[in-house]
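Chain by chain, the residues run as shown.
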Amino acid sequence: MEKQKGSLKSTIAVSLTNYLDAGSIVAGASGLTLWTAYLGLNETDLGWLNALSANCFGAALGAIIGGRLADKYGRKTIYTYNMQLYMLGVGIITVSMSFPMLLAGFLITGISVGVGVPASWTYISETSEVGNRGRNIGISQFAWSIGPAIIFLLGWLFAPTGPLGDSVRKLGVFILNTDNSAALDLFGNRLIFGTLFVVALIAWLLQRQLNESQEWIKEKALKTERLNKPYKTLFTNIINVKTILYLVGIYLTWNFVAGAMGFFMPHIYETSGGLSNENANFLQMAMWGLTAFFSFFGFALLADKVNQRFLYLFGTLLGVLAWVVLTFVGITDKTALWMFVVLWGVHAGFGVQAFYALWASELFPAHYRAAAQGVMFFIVRGGGAIWSFVFTGVYATAGFYTAGNIMVGLMAISLLIGVIWTPKTRGKSLKQITKERLGEMDD
């Protein structure tokens, strides 16, 4: 019982990394039209912001570095001190006065997110009991989704026409000493990034108190050559290669959809759906609230107890249906909008992100567990960087209907790959999974 309490405590502390990951993405999304008005940005500028952010290449670059370092120097070492880099990034965004400054803040924050994610997911998996790995990963996903729910709640409250809009503008006049309308409209979004700085500081203080993963300590004590050459084993073993292809297959296709939504959806609501910034943020707040609820009361409570192929099928199918409704009924239809919000909100609680986090931390041995995740995260978020330019180009030239059809297709691919090749890891220890898949040589 004491061990279970310890794993839950460490899971909660480390899960703040997930809160900050998703929070940094949607904080930018929440105020995207406001930054556009303030700095005079165009669609290409928005593509660059997304491409270099925690949503795409910034995280990709951080992951390929952080995954390897987490295997070499320890999980705790990486995700703890990485918080300082995160605070630097969101601090720059908070006070940005130009596009290059804003871009630099997004890039630094993105790199920090990429560095932290493989280490945090690996730590949670390695410190969990056999029957609680799914629960603990679910809790981390709850943090990943409650972050956007809170950020969009603040975005709704602080929006220029929101409930606290006038008060925020008055505070902006006092602090910024300006009557520039665009600058005052944006001030609420600056405050939102400021809250991320505070949460990162709290996370840093909490995570410093945690113990290192015992599995990593045991692996490090072996002092074997495999610790120094993780990629050789990773890429020369056919089982590892197939595992990478499978996990990248489900996560890349899903992330093309979810990544575009995370950064561009409020912008799409406002430009194609005709909604105000206040209402766009309200819809996203509701969606992420549902995601948070079902991450905990759905995935966290069921992943260790229910057939995971069925659970994946159920969750991902809802995501396909969500985009079918929004695309073919229409984004200007209020009923379709709310159906989309509900379907995607429930889907994301049970969906690909949670299963990827679970399986990616289970299917590789300890000495390159984080490095493997770093490679895959690099591919997925790097691909997302390229996709951000493709998506903005399609959306700007062909419109929402064409973009929506592409989203439906991508979700269908993720659904099929995931259901056909679902791994059987439920109820097994990490040691047992490694032995069954790779034999005694990686025990």
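These notes cover the structure that comes with them.

The rules behind the values
Residues numbered from 1 in each chain as written. Predicted model: local features only at pLDDT ≥ 70, side-chain atom pairs only at ≥ 80, totals over all residues. Heavy atoms only, no water. Helix = DSSP H or I, 4+ residues; strand = E, 2+ residues; numbered from the N terminus. Rg over C-alpha atoms; globule rule 2.2 N^0.38 Å. Buried < 20%, exposed > 50% of the residue type's maximum accessible area, 1.4 Å probe, protein only. Contact = heavy atoms within 4.5 Å. Areas by Shrake-Rupley, 256 points an atom, 1.4 Å probe, with all protein chains shown as cover. Lys, Arg positive; Asp, Glu negative; His and termini not counted. Charge placed at Lys NZ, Arg CZ, Asp CG, Glu CD. 1 Å grid on protein atoms, 1.4 Å probe; cavity = no way out; pocket = protein on both sides within 12 Å on 5 of 7 lines; lining within 4 Å. Points joined across faces, edges and corners; volume = space filled by probe spheres on them. Nonpolar A, V, L, I, M, F, W, Y, C, P; charged D, E, K, R; others polar. Core = buried A, V, L, I, M, F, W, Y, C linked by side-chain atoms within 4.5 Å. Salt bridge = Lys/Arg side-chain N within 4 Å of Asp/Glu carboxyl O. Axes fitted to C-alpha atoms, helices over the stretch in contact; angles between N-to-C directions. Parallel < 35°, antiparallel > 145°, perpendicular 65-115°, else oblique. Expected span 1.5 Å × (residues − 1). Polar contact = N/O pair within 3.5 Å; in protein donor to acceptor, adjacent residues only side chain to side chain. Left-handed = near helix turned anticlockwise from the far one by under 90°. Patch = residues over 30% accessible without salt bridge, like charges linked within 9 Å, V, L, I, M, F, W, Y side chains within 5 Å. Bend = angle between axes of the 7 residues up to and from the residue.

Next up on the list: the overall build of the protein. Helix and strand counts for the protein come out as 19 helices and zero strands. In terms of overall size, the protein behaves like a compact globule, its C-alpha atoms giving a radius of gyration of 21 Å where 443 residues would be expected to give roughly 22 Å. Structurally, the protein occupies a C-alpha span of about 65 × 45 × 40 Å along its principal axes. Each of the 443 residues in the protein was classed as buried or not, and the buried ones make up 62%. A sequence separation of at least 24 residues applies to 84% of the contacts in the protein between residues at least 6 apart. For the protein, the accessible area works out to roughly 16500 Å², and carbon and sulfur atoms hold 68% of it. A distance of 9 Å separates the average location of the 31 positive side-chain charges in the protein from that of its 23 negative side-chain charges.

What follows covers empty space enclosed by the protein. The gaps left among the atoms become clear once a water-sized probe is rolled over them. Enumeration over the complete set of coordinates arrives at five cavities of 30 Å³ or more. Approximately 200 Å³ is the volume found for the largest cavity. What lines the largest cavity is a set of 20 residues, and nearest its centre among them are Trp 144, Ala 258, Gly 259, Gly 262 and Trp 288. Contributing elements (two or more residues each) for the lining of the largest cavity: α1 (2-30), α7 (133-158), α12 (238-271), α13 (277-302) and α15 (334-350). Residues of the lining of the largest cavity, tallied by class, amount to 13 nonpolar, six polar and one charged.

There is about 210 Å³ of room inside the second largest pocket. Lining the second largest pocket, in full, are Ile 239, Lys 242, Thr 243, Leu 245, Tyr 246, Leu 363, Trp 421, Pro 423 and Arg 437. Among the elements that make up the lining of the second largest pocket, the one with the highest residue count is α12 (five residues). Here the lining of the second largest pocket is composed, by residue class, of six nonpolar, one polar and two charged.

Our focus in this paragraph is the nonpolar core. Membership of the largest hydrophobic core comes to 135 residues, with the highest contact counts inside it found for Leu 247, Tyr 269, Trp 323 and Trp 344. Broken down by element, this core gets its largest block of residues, 17 residues, from α12. Once residues lying within four places of it in the same chain are set aside, the contact partners of Trp 323 are Val 257, Met 261, Met 265, Phe 340, Trp 344, Phe 400, Gly 404, Met 407 and Val 408.

Turning to the pattern of salt bridges, a few remarks are in order. Following the criterion strictly, the structure yields eight salt bridges and no others. For the salt bridge of Arg 169 with Asp 185, the shortest nitrogen-to-oxygen distance reads 2.3 Å. One end of the pair, Arg 169, is in helix α8 (residues 165-176); the other, Asp 185, is in helix α9 (residues 181-207), and 16 residues separate them in sequence. Taken together, the shared-partner salt bridges in this structure form one network comprising Asp 71, Arg 75, Glu 126, Glu 215 and Arg 369.

This part takes up the packing of helix α17 (residues 369-397) against helix α18 (residues 400-420). It is the contact of α17 with α18, at a shortest axis distance of 8 Å, that shows an interaxial angle of 140°. Considered as vectors, α17 and α18 are oriented oblique to each other. Together, Trp 387, Phe 391, Val 394 and Tyr 395 of α17 and Phe 400, Thr 402, Ala 403, Ile 406, Met 407 and Leu 410 of α18 make up the contact between the two elements. Of the residues belonging to the contact of α17 with α18, the class tally is nine nonpolar, one polar and no charged.

The next thing to look at is helix α14 (residues 308-328). When the terminal C-alpha atoms of α14 are compared, their 30 Å separation across 21 residues agrees well with the 30 Å that a helix rising 1.5 Å per residue should span. Where α14 begins, one side-chain oxygen reaches toward the backbone nitrogen of Arg 309, 2.9 Å away; that side chain belongs to Asn 307.

With respect to the helices, strands and loops of the structure, Ser 120 is situated in helix α6 (residues 99-126). Using a relative accessible area of 1% as the deciding quantity, one classes Ser 120 as buried. Separated by 102 residues in sequence, Ser 120 and Asn 18 place their C-alpha atoms 8.3 Å apart. In contact with Ser 120, not counting residues within four places along its chain, are Val 14, Thr 17, Asn 18 and Tyr 79. Polar contacts involving the side chain of Ser 120 include one to the main-chain carbonyl oxygen of Val 117, which spans 2.9 Å.

To continue, consider the packing of α12 against α14. In contact at an axis separation of 13 Å, α12 and α14 are set at 50° when each is read in the N-to-C sense. Judged by the inter-axis angle, α12 sits oblique to α14. Crossing of α12 over α14 shows left-handed handedness. Counting all contacts with α12, which are made through Ile 250, Val 257, Met 261 and Met 265, the residues of α14 involved are Tyr 312, Trp 323 and Leu 326. Along the lines of polarity and charge, the residues of the contact of α12 with α14 split into seven nonpolar, no polar and no charged.

Looking now at a nonpolar patch on the surface. Residues Leu 171, Phe 174, Ile 175 and Leu 176 make up a contiguous nonpolar surface patch of about 400 Å² in total accessible area. Within the element layout of this structure, Phe 174 appears in helix α8.

One can find Asp 71 in helix α4 (residues 57-73). Look past the residues within four positions of Asp 71 in its chain and what remains in contact with it is Trp 216, Ala 366, His 367, Tyr 368, Arg 369, Ala 370 and Ala 371.

Between its first and last C-alpha, α4 extends 24 Å over 17 residues, near the 24 Å set by a 1.5 Å rise per residue. Remark: the principal bend of α4, roughly 25°, maps to Ala 63. Regarding α4, the residues found buried are Gly 58, Ala 59, Ala 60, Gly 62, Ala 63, Gly 66, Gly 67, Arg 68, Ala 70 and Asp 71. Once α4 finishes, Gly 74 follows within two positions and takes phi at roughly 110°, a positive value.

With that settled, consider the side chain of Arg 369. Locating Arg 369 in the fold gives a position in helix α17. One polar contact links Arg 369 to Glu 126, side chain to side chain, over a distance of 2.7 Å. There is a polar contact of 2.8 Å between the side chain of Arg 369 and the backbone oxygen of Phe 364. With residues near it in sequence (within four places) discarded, Arg 369 still touches Asp 71, Arg 75, Thr 122, Glu 126, Glu 215, Ser 361, Phe 364, Leu 430 and Thr 434.

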